Amino acid sequence: MKPTIRLAISLPLAVASAAAFAAPDWSKIPARNITVFHAGATPFEWISSEHPGASVVKAGQACIVCHETKKGLDYTAKRLAKHEPDAQAMPKTVSFPVSVQAAVDKGTLNVRLSFTPPADARAGSDAANELKAAIMLLDDKVPQAALAGCWTSCHKDMRGMPGGDAKKGKYVSAGSFELLQWKSGKTQAALPAGVKVESGKDGDKTTVTFSRKLGGSVVEGRSVPFGIAIHANRAAGRMHYISLGYRLGVGGAAGEVQAKKL
Ligand code: HEC
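Residues numbered from 1 in each chain as written. Predicted model: local features only at pLDDT ≥ 70, side-chain atom pairs only at ≥ 80, totals over all residues. Heavy atoms only, no water.

Now for the overall build of the protein chain. Summing up its helical and strand segments, the protein chain has six helices and eleven strands in all. For the protein chain, with 262 residues in total, the buried portion stands at 44%. If you take every contact in the protein chain between residues at least 6 apart in sequence, the share linking residues at least 24 apart comes to 68%. (Helix = DSSP H or I, 4+ residues; strand = E, 2+ residues; numbered from the N terminus. Buried < 20%, exposed > 50% of the residue type's maximum accessible area, 1.4 Å probe, protein only. Contact = heavy atoms within 4.5 Å.)

Here you go:
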């Protein structure tokens, strides 16, 4: 009797949510591979001063121009380890690919991430969530948003940084950003109003789809700067794998990831 009751309770919910955000046919939408990596403590202050690419970024060149070569993002553990003050925190797998697809359907932007989180990352302190996946959408008032993505919100005085302020989270010097985060645990996903998220698992692969109503800084014809963050193996705070800055071309606008209107 018990299984039947459970089924009766969960089934209408599942059907209702599937109908509410009927997904595009993802098999017809091209995927862009984006590498996410453990970046250690490399705040925007470091990126825009000591870092070898600083002056080039200031002159208007995007991070991916230097860091995303034909061979892919080759961040060796050794190179990044020098930017990781917590020696124990350096994961064995320093980077992995996330397949990204996007589409605009019925006034909604859908962004789908598919990835296999590395199993060897050091276990973190998030007891409630094994895995978290997020995208950050930045508006065009954030200085250098289209070049540097999430880095524009990452500062040396934030919590988790060496000598950082425990009360300080991410912030940008002007403009604003939205963080759309899915969590694998029972707690609610961290989502702004008008955003839904669905997830699925196929073997080791996890798929997370964010659906955000168009509006504000995310409208057709805009190149929306964005980045990805994956917290694997119960990671918390800055112990995530992140992407460089990319642009979402909404409704045909320029962008490494295209979100075409269906
Ligand atoms: C002009 C080319 C160039 C641009 C543009 C550039 N970088 Fe770099 N970046 C470098 C070089 C060269 C290194 C040093 C690589 C090494 O240590 O061997 C580096 C190092 C790094 C590192 C430390 C890891 C490492 O390999 O040492 C990070 C993280 C990083 N860059 C992020 C960024 C971000 C974020 C941006 C955009 C805001 C950016 N870079 C733009 C050239 C560039």
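Moving on, there is more to tell.
Our next topic: the coordination of the iron atom of the ligand. Around the iron atom of the ligand, the protein contributes the donor atoms His51 (NE2) and His67 (NE2), which lie 1.9 Å from the metal centre. Its six donor atoms give the iron atom of the ligand angles of 87 to 179 degrees at the centre, a pattern that matches the octahedral case. Linking histidine 51 in the loop between α2 (44-47) and α3 (54-58) with histidine 67 in helix α4 (residues 63-67), this pair joins segments that are 16 residues apart in sequence. Owing to a relative accessible area of 12%, histidine 51 belongs among the buried residues under this scheme. (Donors = N, O, S within 2.8 Å, 3.2 Å for Na, K, Ca; no water. Tetrahedral: all angles 85-135°; square planar, octahedral: opposite > 155°, others 65-115°.)

Mapping arginine 238 onto the fold places it in the loop between β8 (223-231) and β9 (241-242). Residue classification places arginine 238 among the buried residues on the basis of a relative accessible area of 13%. A distance of 2.9 Å separates the side chain of arginine 238 from the backbone oxygen of glycine 160, its partner in a polar contact. (Polar contact = N/O pair within 3.5 Å; in protein donor to acceptor, adjacent residues only side chain to side chain.)

Among the structural elements, glycine 200 can be located in strand β6 (residues 195-202). Glycine 200 sits 86 residues away from serine 114 along the chain, and the two C-alpha atoms are 9.3 Å apart. Excluding residues within four positions of it along the chain, glycine 200 makes contact with Lys205, Thr206 and Thr207.

Attention now goes to the environment of alanine 121. Among the structural elements, alanine 121 can be located in the loop between β3 (108-115) and β4 (132-138). Residues contacting alanine 121, with those up to four places away along its chain left out, are Pro91, Asn233 and Tyr241.

Within the structure shown, the criterion is met by four aromatic pairs. Ring geometry for phenylalanine 37 against tryptophan 151: centres 6.0 Å apart, planes inclined by 25 degrees, an arrangement best described as stacked. Taken as a pair, phenylalanine 37 in strand β1 (residues 32-38) and tryptophan 151 in the loop between α6 (145-148) and β5 (177-183) lie far apart in primary sequence, 114 residues in all. Tryptophan 151 gets classed as buried once you look at its relative accessible area, which sits at 6%. Ring centres 6.4 Å apart and planes at 45 degrees place the aromatic pair phenylalanine 226 and tyrosine 246 in the tilted group. In this pair, phenylalanine 226 sits in strand β8 while tyrosine 246 sits in strand β10 (residues 246-250), placing the two residues 20 residues apart along the sequence. Across this residue pair, the class does not change: phenylalanine 226 and tyrosine 246 are buried. (Phe/Tyr/Trp six-rings, centres within 6.5 Å; stacked < 30°, edge-to-face > 60°.)

The next thing to look at is the pattern of salt bridges. Close approach of charged atoms lets side chains of opposite charge pair. All told, the structure shown has ten salt bridges when counted by the stated rule. Aspartate 25 serves as the salt-bridge partner of lysine 28, at 2.8 Å between the closest nitrogen and oxygen. We classify aspartate 25 as partly exposed; its relative accessible area is 39%. With its nearest N and O atoms 2.8 Å apart, the salt bridge here joins arginine 238 to glutamate 84. Of this pair, arginine 238 sits in the loop between β8 and β9 while glutamate 84 sits in the loop between α5 (77-81) and β2 (95-105); the two residues are 154 residues apart in sequence, bridging distant segments of the chain. (Salt bridge = Lys/Arg side-chain N within 4 Å of Asp/Glu carboxyl O.)

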